[in-house]
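Chain residues, written in single-letter form:
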Amino acid sequence: MNPDFPFTRFAPSPTGYLHRGHVLSALYVYAAAEKFGYRIRLRIEDHDQSRARKAYIDAIRKDLEWLGFTWEAESIQSSHEERYERLLKVLHRKDLIYACNCSRKFTFETNPTNADGEIIYQGHCEKLGLPFTKDLAIRFKTPNVDIPWEDLLLGKFIENPKKLCGDFAIKDRIGQWTYQFAVVADDWEERVGLVVRGEDLKHSTSRQIALAQALGRKEPPLFLHHPLIADPAGKKLSKREHAASIRGEREQGMSAEALLGEVCAQANLIPEPRLLSVNDSIQLVKNRLF
Ligand code: GLU
Ligand code: ZN
């Protein structure tokens, strides 16, 4: 653990209630924090102001407390405007950004997509030299280099972010900071040395390392991507289904211990559900880490 970056974080987006997938993610964050000696921050990722809701923000804190989680630091992205503007200027000074007026439709029509269905933006607007006005998106000149990293669970990766996603957006056309930019800015400024999150986000890592380097971060954080739990039909849990939310299950009378037991069983940490405290659950996950 690098003492300059002593934090790990749990970083849910308040666009719905927490579901069992978030609980497993939190267990991994806490288990990794214990195992590798990190402190814990809760970061509310409300960069997407069109989808974030105050009710979900309050629910995130309450549901985590109900489950028995505690945390040492907390932040919320909507209060980081000054931080993002300041770091955007760093990229601007280094000539690493450009304005983009491609509509959503045009972007999809004129660019290939990767295996995850994301756009690989081919740089259409780079040569246009458009002014940085409020109604235009801002894109990062993604470096065309292989980025290696070693995931603490999944092993070695090498990815070229230019090939994976091209010049990705920092800010969108309605002035919202993107997930990729906000998370990199925050992980650096909030002294996050270990990123723990679900496997569905592993292909964000190379672009986040590239962006962190461009901003001036000397050493990227360590990364740990954990397996996801699927619902009985085998599809990824969606936070939009209220019935499957922690809030919904609690309202239907489930205890925190019962819920934690079910999550651990679904994640194959125990063969059958049983009552588990948050600490017991964290220890079960910790035994999975090496
Ligand atoms: N806010 C993201 C989510 O809820 C997680 C981001 C991250 O851990 O990097 O899925
Ligand atoms: Zn464009």
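The structure we're discussing is the one just above.
What this report covers is the structure whose coordinates are included nearby. Predicted model, so just to flag it, every value in this text is computed and none were measured.

Description of the packing of helix α3 (residues 81-93) against helix α6 (residues 179-189)
Here comes step 1: Where α3 contacts α6, the two axes come as close as 10 Å, and the packing angle between them is 100°. Put simply, α3 runs roughly perpendicular to α6. Every residue of α6 that contacts α3 at Arg 83, Tyr 84, Arg 86, Leu 87, Leu 88 and Leu 91 is listed here: Phe 181, Ala 182, Ala 185, Asp 186, Trp 188 and Glu 189.
Here comes step 2: Across the contact of α3 with α6, the residue classes tally to eight nonpolar, no polar and four charged.

Things to note about the site of ligand 1
Here comes step 1: If you check the shell around ligand 1, you find Arg 9, Ala 11, Pro 12, Ser 13, Glu 45, Tyr 179, Val 183, Arg 197 and Leu 201 and nothing else.
Here comes step 2: A distance of 3.0 Å separates a nitrogen atom of ligand 1 from a polar atom in the side chain of Ser 13.
Here comes step 3: Separating an oxygen atom of ligand 1 from a side-chain N or O atom of Arg 197 is a distance of 3.0 Å.
Here comes step 4: Relative to its free-state accessible area of 300 Å², ligand 1 is covered by the protein chains to the extent of 82%.
Here comes step 5: A class-by-class count of the residues in the shell around ligand 1 yields five nonpolar, one polar and three charged.

Side note on the coordination of the zinc ion (ligand 2)
Here comes step 1: Taken together, Cys 100 (SG), Cys 102 (SG), Tyr 121 (OH) and Cys 125 (SG) make up the full set of protein donors to the zinc ion (ligand 2), lying 2.1 to 2.3 Å away.
Here comes step 2: Each of the four donor atoms around the zinc ion (ligand 2) contributes to a set of angles spanning 91 to 126°, which defines the coordination as tetrahedral.
Here comes step 3: The sequence pattern formed by the donor residues of the zinc ion (ligand 2) is C-x1-C-x18-Y-x3-C.
Here comes step 4: Residue Cys 100 is classed as buried on the basis of its relative accessible area of 1%.

Digging into empty space enclosed by the protein
Here comes step 1: Summed over all chains, the structure comprises two cavities of 30 Å³ or more.
Here comes step 2: By volume, the largest cavity amounts to about 60 Å³.
Here comes step 3: Forming the walls of the largest cavity are Val 183, Val 184, Asp 187, Trp 188, Gln 208, Ala 212, Arg 217, Pro 221 and Phe 223.
Here comes step 4: Secondary-structure elements contributing two or more residues to the lining of the largest cavity are α6 and α7 (205-215).
Here comes step 5: It is α6 that contributes the most residues to the lining of the largest cavity, four residues altogether.

Remarks on the layout of surface pockets
Here comes step 1: Considering only enclosed or pocket space, the second largest pocket measures out at about 310 Å³ in volume.
Here comes step 2: What lines the second largest pocket is a set of 13 residues, among which Glu 85, Leu 88, Phe 132, Ile 138 and Lys 171 lie closest to the centre.
Here comes step 3: The greatest single-element share of the lining of the second largest pocket, amounting to four residues, is contributed by α3.
Here comes step 4: Residues of the lining of the second largest pocket, tallied by class, amount to five nonpolar, three polar and five charged.

Thresholds, definitions, all that
- Residues numbered from 1 in each chain as written.
- Chains lettered and ligands numbered in written order.
- Predicted model: local features only at pLDDT ≥ 70, side-chain atom pairs only at ≥ 80, totals over all residues.
- Heavy atoms only, no water.
- Axes fitted to C-alpha atoms, helices over the stretch in contact; angles between N-to-C directions.
- Helix = DSSP H or I, 4+ residues; strand = E, 2+ residues; numbered from the N terminus.
- Parallel < 35°, antiparallel > 145°, perpendicular 65-115°, else oblique.
- Contact = heavy atoms within 4.5 Å.
- Nonpolar A, V, L, I, M, F, W, Y, C, P; charged D, E, K, R; others polar.
- Near = heavy atom within 4 Å.
- Polar contact = N/O pair within 3.5 Å; in protein donor to acceptor, adjacent residues only side chain to side chain.
- Areas by Shrake-Rupley, 256 points an atom, 1.4 Å probe, with all protein chains shown as cover.
- Donors = N, O, S within 2.8 Å, 3.2 Å for Na, K, Ca; no water.
- Tetrahedral: all angles 85-135°; square planar, octahedral: opposite > 155°, others 65-115°.
- Buried < 20%, exposed > 50% of the residue type's maximum accessible area, 1.4 Å probe, protein only.
- 1 Å grid on protein atoms, 1.4 Å probe; cavity = no way out; pocket = protein on both sides within 12 Å on 5 of 7 lines; lining within 4 Å.
- Points joined across faces, edges and corners; volume = space filled by probe spheres on them.

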